[in-house]
Amino acid sequence: MLGYEGGEYRDDLGVAVKELLHPDDVKRAYEQWARVLATPGPSPPLLTRVRTADGRWKWTEAFANNLLDDPDVGGVIFTTRDVTEREEAASALREEKRVLDLLHAIGRQLTAELDLDALLQAVTDTATDVTDAAFGAFFYNAVGPSGDSYLLYTLSGAPREAFASFPMPRATAIFAPTFEGRGPVRINDVRADPRYGRSTPYHGMPPGHLEVCSYLAVPVISRSGEVHGGLFFGHPEPGVFTERGERLAAGIASHAAIAIDNARLFQAAQREIGA
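In every chain, residue numbers begin from 1 and rise along the written sequence. Selection of residues for local features in this predicted model requires a pLDDT of at least 70, selection of side-chain atom pairs for listing and counting requires 80 or more, and totals for whole chains, interfaces and linings are taken over all residues. No hydrogens and no water enter the side-chain calculation; it runs on all heavy atoms of the structure.

Only residues whose relative accessible area exceeds 30% and that form no salt bridge are eligible for patches; like-charged ones are grouped when within 9 Å, while nonpolar side chains (Val, Leu, Ile, Met, Phe, Trp, Tyr) are grouped when within 5 Å. The Shrake-Rupley method, run with a 1.4 Å probe, gives the accessible areas here. Residue values count only the displayed protein chains as cover. For salt bridges, the criterion is a side-chain nitrogen of Lys or Arg within 4 Å of an Asp or Glu carboxyl oxygen. A grouping of Trp33, Leu37, Leu68 and Phe78 is seen on the molecular surface, where their side chains present a nonpolar patch of about 370 Å² in accessible area. Labels follow the DSSP assignment, with helices taken as runs of H or I lasting at least four residues and strands as runs of E lasting at least two, numbered in each case from the N terminus. Structurally, the position occupied by Trp33 is in helix H2 (residues 26-38).

This is the structure we're talking about:
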């Protein structure tokens, strides 16, 4: 079942078997094995992850029946079956429910939230979570009382100090599609992308920047076509962002755009009342 030859993966003490168990499952598995040896009869099934001969992890469900006191058996009957497909399907359903709960929650919050700072932080946190990003940022255009425009940002998954010493992103070859509202950009390894490293002064990421390999960005565009800004996500490992993650981020960006429009209308109305 695991791809090992007979006798290849165990000895009298079971030391090599222990090495096959997932590190997070070893303590629980050995505790249950101790209970099996101390309790006559069948024991509850044990669910563990086991490493296969080719280095993958399989979910297994083990059943033990202690018949040590049976004169005809004098041992423990131990059987294991592969339940990887079942567990992966269950895990996918749990993740889907978690993401849907997050989307419903952010939808309700965006509908009710008129504080722009709180709104943008909630958008950044949720989008970073559902895309499996290590960190995310929302860079957006703000307009001051005198009508001047400037760029601000919210962060998730990283301290603000991680970006404080760097200049704001510009419409370089990689960033331009987002700031110009041309659509999502998803790159499995940004360092291998031909657009990477073409702009001065760094020709790549500034020294000390958070490590980015996987890259995802989606524009946030108002109903009038104005580009409010963009959601940017990074991860130090390659190939993290999927088409599904991109769709989720784009959906959140659409909701965020409407919420930003509403918040700005509210702020404008408040200014008029104050005037």
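Having seen the structure, we can now continue with the description.
Turning our attention to the pattern of salt bridges. Oppositely charged side chains may form a pair once their charged atoms are brought near each other. Counted by the stated rule, this structure contains 18 salt bridges. In this structure, Arg86 engages Glu61 in a salt bridge whose closest nitrogen and oxygen atoms are separated by 3.4 Å. Taken together, the positions of Arg86 in helix H3 (residues 84-112) and Glu61 in strand E3 (residues 57-67) put the pair 25 residues apart, joining distant regions of the chain. Each residue is placed in one exposure class: buried if its accessible area under a 1.4 Å probe, protein chains only, is under 20% of its type's maximum, exposed if it is over 50%, and partly exposed if it falls in between. Given a relative accessible area of 39%, Arg86 falls into the partly exposed group. The exposure class assigned to Glu61 is buried, which follows from its relative accessible area of 10%. Ionic pairing is found between Asp261 and Arg223, a salt bridge with its closest N-O pair at 3.4 Å. Taken together, the positions of Asp261 in helix H7 (residues 243-274) and Arg223 in the loop between strand E8 (214-221) and strand E9 (227-235) put the pair 38 residues apart, joining distant regions of the chain.

Let us now look at H2. A helix is expected to reach a length of 1.5 Å times the quantity of its residues less one. Between its first and last C-alpha atoms H2 spans 19 Å; for 13 residues at 1.5 Å apiece the expected length is 18 Å, and the two agree. Those residues of H2 that sit buried are Val26, Ala29, Gln32 and Val36. Along H2, the residues classed as buried sweep out an arc of 135° about the axis, all on the same side. The exposed residues of H2 that point more than 90 degrees off its buried face are Lys27 and Ala38. Taken from the helix axis, the directions to the C-beta atoms give the arc we talk about.

Bringing the environment of Asp125 into the picture now. Its place among the elements puts Asp125 in helix H4 (residues 116-130). C-alpha of Asp125 to C-alpha of Ala137: the two residues are 12 residues apart in sequence and 8.7 Å apart in space. Every residue pair with non-hydrogen atoms within 4.5 Å of one another is taken to be in contact. Sequence-distant contacts of Asp125, defined by excluding residues within four places in its chain, comprise Leu155 and Ser156.

Of the two faces of strand E2 (residues 46-51), only one is covered, namely that formed by Leu46, Thr48 and Val50; the face formed by Leu47, Arg49 and Arg51 stays uncovered. DSSP calls a pair of strands paired once it identifies at least 2 bridges connecting them. In this structure, E2 lies alongside E3, joined through 6 bridges in antiparallel fashion. Residue pairing across strands places Thr48 opposite Thr60, the latter belonging to E3. Here E2 hands over to E3 after 5 residues, with Gly55 in that stretch at a positive phi of 90°.

Now for the nonpolar core. Counting residues in each nonpolar core, the largest one holds 29 residues, and the members touching the most others are Leu119, Val123, Phe138, Val220, Leu231 and Phe233. Among the secondary structure elements, those contributing two or more residues to this core are H3, H4, strand E5 (135-143), E8, E9 and H7. Sorting elements by how many residues they give to this core places H7 first, with 9 residues. Each nonpolar core is a collection of buried residues, namely Ala, Val, Leu, Ile, Met, Phe, Trp, Tyr and Cys, held together in the definition by side-chain atoms within 4.5 Å. Ala137, Ile174, Tyr215 and Phe232 belong to the second largest nonpolar core, which has 18 residues in total.

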